[in-house]
Amino acid sequence: MSDKPTRWVGTEVPRVDGLEKVTGAARYTGDLKFPRMLHAVVVRSPHAHARVRDVRLEQAARVPGVRAVACGKDFPFHVGIYLKDQTVFATDRVRYVGDPVAAVAAETPEAAREAAARVEVDYEPLPVILDVADGMAPGATLVHPDLGSYECVPWITPKGGSNVCNHLKVRKGDYEAALRRCAHVVERSFSVPQVQHVPIEGHISVARMDGAGKLEVYTSAQSPFTVRHLLSACFKLPHGDVRVVVPHVGGGFGGKAGINLEPIAAALAMKARGRWVRVLVDRSEEFYAVVVRQGLEATLVTGVDKQGKVLAQKLLYLWNCGGYGGYGVNVVRAAGYTCGGAYEFPNLWGDSIGVYTNRPVGSAYRGFGMQEIHWALEQQMTMVAQEIGMDPVEFRLRNCLGPGKSTVTGQVLDEHSGRIDLCIRKVAEELGWGDGRKEPNRGRGIACAVKAPAMPNDAASSVLLKFCEDGMLEVLISGIDIGQGLKTVAAQFAAEALDLPFDKVRVRGLPDTDLSPYDWQTVASRQTWATGNAVLRAAENCKQQLLGMASRAFDAPASRLRLANGTVLDPETGRSLPFERLVMGYQFDDGHTIGGPVAAAASFIPEGLIFLDPETSQSPKPVAKWTFGAQGVEVRVDPETGQFTVERIVGCYDVGKVVHPSLIRGQTYGGMIQGLGTGVMEELLLDPQTGRPRNASLTDYKIPTTEDIPEKLEAHFVETPQADGPLGARGVGEHTMIPTPAAISDALFDACGIRVTRMPITAEKVRAALQAKKKEQPTP
Amino acid sequence: MNVRPLEFRTARSTAEATALWAEVPDAYYLAGGTDLLIQMRLGRRSPARLIDLKRIPGLSAIEVRGDGALSIGACVPLGVIAAHPEVRARYPLLAECCLAVGSYPVRNRATMAGNVCNASPAADTAAALLALEAAVEASGPNGDVVLPLAGFFQGPGKTVLPAGALVTALVLPAKAAGCRGSFHRLSRRRGVDLATLGVLVGRHAAGGAGAHRVVLTAVAPTPLRVPAAEALLDRQGAAAAAQAAEAARAACKPIDDVRGTAQYRREMVGVLVARAAAALG
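Residues numbered from 1 in each chain as written. Chains lettered and ligands numbered in written order. Predicted model: local features only at pLDDT ≥ 70, side-chain atom pairs only at ≥ 80, totals over all residues. Heavy atoms only, no water.

## Some points on the domain arrangement of chain B
Many authors give the size of an interface as the accessible area that is lost as the parts come together.
All names here are of chain B.
Link 1 in the chain: Assigned domains within chain B: domain 1 (1-53 + 60-177) and domain 2 (179-280).
Link 2 in the chain: Distance from the C-alpha centre of domain 1 to the C-alpha centre of domain 2: 24 Å.
Link 3 in the chain: Summed over both sides, the interface of domain 1 with domain 2 buries roughly 1,900 Å², with 63% coming from carbon and sulfur.
Link 4 in the chain: The interface formed by domain 1 and domain 2 includes three salt bridges.
Link 5 in the chain: Residue Arg-185 is joined to Asp-124 by a salt bridge in which the shortest nitrogen-to-oxygen separation is 3.2 Å.
Link 6 in the chain: Here domain 1 and domain 2 share eight residue pairs in polar contact (both at pLDDT 80 or more) between them. (Domains from an automatic or database assignment. Buried area = accessible area lost by both parts, 1.4 Å probe. Salt bridge = Lys/Arg side-chain N within 4 Å of Asp/Glu carboxyl O. Polar contact = N/O pair within 3.5 Å; in protein donor to acceptor, adjacent residues only side chain to side chain.)

The following block contains the structure:
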């Protein structure tokens, strides 16, 4: 962290991958054509819950052109990032509509489709559980009868003999005693449906196992090393014999975190040795067959004193995890240790419980549970404020976190933790909050957001810096640029630290696990911060190498020298050497040479993280950092139809340091629009009896188009430096979609006195709420 | 899953097209293809042969006939129809309904004949075509037929078009020119969405008995004209907006689906008819 003026960080440098993307030079996994590549089709369960009595592949294998068939019997291996509750193909039972049962690979897509149609599966249907209440009911059918025997990380607590795949308890202060002292108590329930990421590029993986037994996988993924790690674990292969390459990725939003189609591609590749096998899902399957976002049922009880201070807070989050919880269990955990959002609650009783159902598989989705819990918590805060007749902004300021305040896990924040109060004030000011303006059917609302990176304590990034002969710097990273601009940001940090002209940096960001430095995952809004730190460290190392050589070349102390625009300069003598004279070693006039090619590797791992207490979740530092923010919304409602227009969204986030102004604005606007989509139009609908998806297409699953974008989007930033952030920066990628739905709901309340607690807020729900209100208060 | 080979044929005349259709089972005519190709991908239709109509001379023309009627060829894309000066000047409601369909790229490909033959209860162009009392001209194995659009739709995906017949043109009568009003539709989002429901209310410049048109979409098995509501408006004009709305609510037969509930649709029919009627002034 430094107050030094910056040359590149904080400026509008051109996006380094812009040209290749707009010219079509960027190649995505689906663009890659491998010699004699086979085409796969996955046979997926039509049942939401059934016992698999038998899978017969003989007829499929006989179709001309078929080169591989595989099912659960062939690969009875478990896979999962945190909880190994899934197998490559269903073995004894299927747990959601779309669960992979078998797969075939053939010379043509047509042959593969025909073979897939000839796979015979005997199912014995089982009772279907779609809601968390049914999953939690005593005597409920077990989705995973073997849950107690699954392998998992130590900080996940699945309960064998139940449908609970994880349960995080947060206990702070004395909730019961505090509740008795409260002047007002508000209890409300909220819900969030399952939604889908809808990336432009769907999931796709291409794999080959060569004659020597090496497995290679090209895949559209957010985490090449985690894919390698989990593939190795699943198929019991040495990591060194698994290679994962990630070409350009056309959007992930969390749906390509962890491991997805790769094991199926690998299984078929093992059956068709030497051949490349391509597995993909079509747009319809993308909605339900791979991963979705969890559903949430939340019940909150809030007790306040007369001064508007929350004394007692109870939260119950029941997560609808779907058929498997491999990744989703960590959403449950993150929602637990963040259960109180951006507020200080001295007495708190929180439970975050993941429940298996027979819905599609819940996984990571931008925000990782935070939009869902903020939907509940932020509306609740407004309702409590209204209950005691206090302005919702004032109420938030009175209860929010800040330096010296204690989070739900007992972590005391410091002056580097970020300032939610400044974000709230900025948004309120921009909205003209408290100006008394009130027009019929127009309203304003504000909601807060907070999120920490939800990751294992040892989630690390590393980078490699090396030079070309002409002094060009190459920066090898393994974080994925999924559109957020990571490559550009990495180039900015490198150019900054080595004082290079910006066009003298090339970021190599299409990682290949054989060649690239390790990175855990591109998730958790962690890349600018983690990779950024690693780049700064490696650059510092390179700088010392350059100064050391120049010191000998100039016969001057290294401490006197400095880097200046691609040269090493001795300010006292005015002598300078361009990098190209140094980066391959420096040669004196008599021919003797020192140094050597300049290169450095560096790592970043968050330090000082302490596990949560298993009974209370108390920990002085459970997570690496927090990012706070707030959004304000203005809406206009048509009360007759219930249709409404979000006219304006204003956001303010404490990002520590704005690394790239237009990239961060783009992140913010994009998050707002994605937040708007989930808030008002998105929901994966299932048939209530069969669990089959009813809107698995873009015809009937809608996301916002350009015509739906609010007329005004505004992004503001506070820069309270993060102590361990690169030049003070902290993550913000996910946070931008967290508060939007709650702010819209509050604005609708402000506009016409109705409250929708079940996301999404559709016109029909608004209309129904208005009708209900009319009945309650008949006009005289 | 359809894995049989698909044959693509290009017809140069309607006679050739109908002959190609008759040669094999499961032959389909192809105009814009924006519905058919999606249905094929979803496995709902499995053609053995597609017969492209776009090379047939005359099918891509818009022309004013001797009697003043406007003929719109079956292969004219919606975007072209909506921008056509004759359409804009004489049948502005049709232009409005064409523009309600899909997106720019879809409208540059999709045809009105296709929209009509697809026979969706939510077909936006059907609202204007019913209001304007258009006729469907078709050629089939048993010769040419002219079918009034009233009665053309029989249910979702069902029409009275004889088997093997292909629509050659949609014809707007001269007397329908100058019918003005508005088309209101509700959808889940602003850009590119099927109508949850649609309401068209129009009035012929001459006024008097038979001057008004009230057409509803996506609230019955077919796009629906509501004569009772029209008669109320004929007698009392915009003053009868509320009664016309009530008549339309009574006439519609909506269902629950992923786009909305029957109850919401019925209520919104009332709201939109009242609005559109009031807007007539």
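## A short note on the packing of aromatic side chains
Link 1 in the chain: This structure, assessed with the given rule, holds 19 aromatic pairs over all chains.
Link 2 in the chain: Ring geometry for Phe-77 of chain A against Phe-235 of chain A: centres 6.0 Å apart, planes inclined by 90°, an arrangement best described as edge-to-face. Of the two residues, Phe-77 of chain A is situated in the loop between strand S3 (66-71) and strand S4 (78-79) and Phe-235 of chain A in helix H6 (residues 224-235); the sequence distance between them amounts to 158 residues.
Link 3 in the chain: Judged by its relative accessible area of 22%, Phe-77 of chain A falls in the partly exposed class.
Link 4 in the chain: For Phe-235 of chain A, a relative accessible area of 7% gives the class buried.
Link 5 in the chain: Centre to centre, the rings of Tyr-82 of chain A and Trp-155 of chain A are 5.0 Å apart; their planes meet at 55°, and the pair counts as tilted. In this pair, Tyr-82 of chain A sits in the loop between S4 and strand S5 (86-87) while Trp-155 of chain A sits in the loop between helix H4 (132-136) and strand S9 (164-172), placing the two residues 73 residues apart along the sequence.
Link 6 in the chain: What links up through ring pairs into an aromatic cluster is the set Tyr-82, Trp-155, Tyr-327 and Phe-368 of chain A.
Link 7 in the chain: One residue, Arg-171 of chain A, lies across the ring of Trp-349 of chain A, its end atom 3.7 Å from the ring centre.
Link 8 in the chain: The ring of Tyr-104 of chain B has Arg-107 of chain B lying over it, and the distance from NZ or CZ to the ring centre is 5.3 Å. (Phe/Tyr/Trp six-rings, centres within 6.5 Å; stacked < 30°, edge-to-face > 60°. Helix = DSSP H or I, 4+ residues; strand = E, 2+ residues; numbered from the N terminus. Buried < 20%, exposed > 50% of the residue type's maximum accessible area, 1.4 Å probe, protein only. Lys NZ or Arg CZ within 6 Å of the ring centre and 35° of its normal.)

## Structural notes on the pattern of salt bridges
Link 1 in the chain: By the definition in use, this model includes 67 salt bridges over all chains.
Link 2 in the chain: Close ionic contact of Arg-44 of chain A with Glu-285 of chain A constitutes a salt bridge, the shortest N to O distance being 3.6 Å. You can see Arg-44 of chain A sitting in strand S1 (residues 38-44) and its partner Glu-285 of chain A sitting in helix H8 (residues 283-286), a full 241 residues away along the chain.
Link 3 in the chain: Linking Asp-257 of chain B and Arg-265 of chain B is a salt bridge whose minimum nitrogen-to-oxygen distance equals 3.0 Å.
Link 4 in the chain: By sharing partners, the salt bridges in this structure join Arg-208, Lys-214, Glu-216, Arg-243, Asp-512 and Asp-514 of chain A into a single network.

## A look at the interface of chain A and chain B
Link 1 in the chain: With 22 residues of chain A at the contact, the number on the chain B side is 23 residues.
Link 2 in the chain: For the chain A face of the interface with chain B, the top three residues by lost area are Asp-700, Lys-702 and Glu-764 of chain A, together amounting to 25%.
Link 3 in the chain: If you look at where chain A meets chain B, you find six salt bridges.
Link 4 in the chain: The residue Arg-275 of chain B makes a salt bridge to Glu-640 of chain A at a minimum N-O spacing of 2.9 Å.
Link 5 in the chain: Of all elements in the fold, only helix H3 (109-117) and helix H17 (763-776) of chain A reach the threshold of two or more residues within the side of chain A that touches chain B. (Contact = heavy atoms within 4.5 Å.)

## Topic: the sheet that holds strand S29 (residues 599-604) of chain A
All names here are of chain A.
Link 1 in the chain: Spatial ordering of the open sheet is given by S23-S22-S21-S29, a layout of four strands whose pairing is mixed. The open sheet terminates on both sides in strands that have one partner only, identified here as strand S23 (505-508) and S29. When strand polarity is set aside, the average angle formed by the axes of neighbouring strands in this sheet is 20°.
Link 2 in the chain: In the sheet, strand S21 (residues 461-467) pairs with S29 via six bridges, with the strands oriented antiparallel. Residue pairing in the sheet places Ser-461 in a bridge with Phe-604 of S29. (Pairing = 2+ DSSP bridges. Axes fitted to C-alpha atoms, helices over the stretch in contact; angles between N-to-C directions.)

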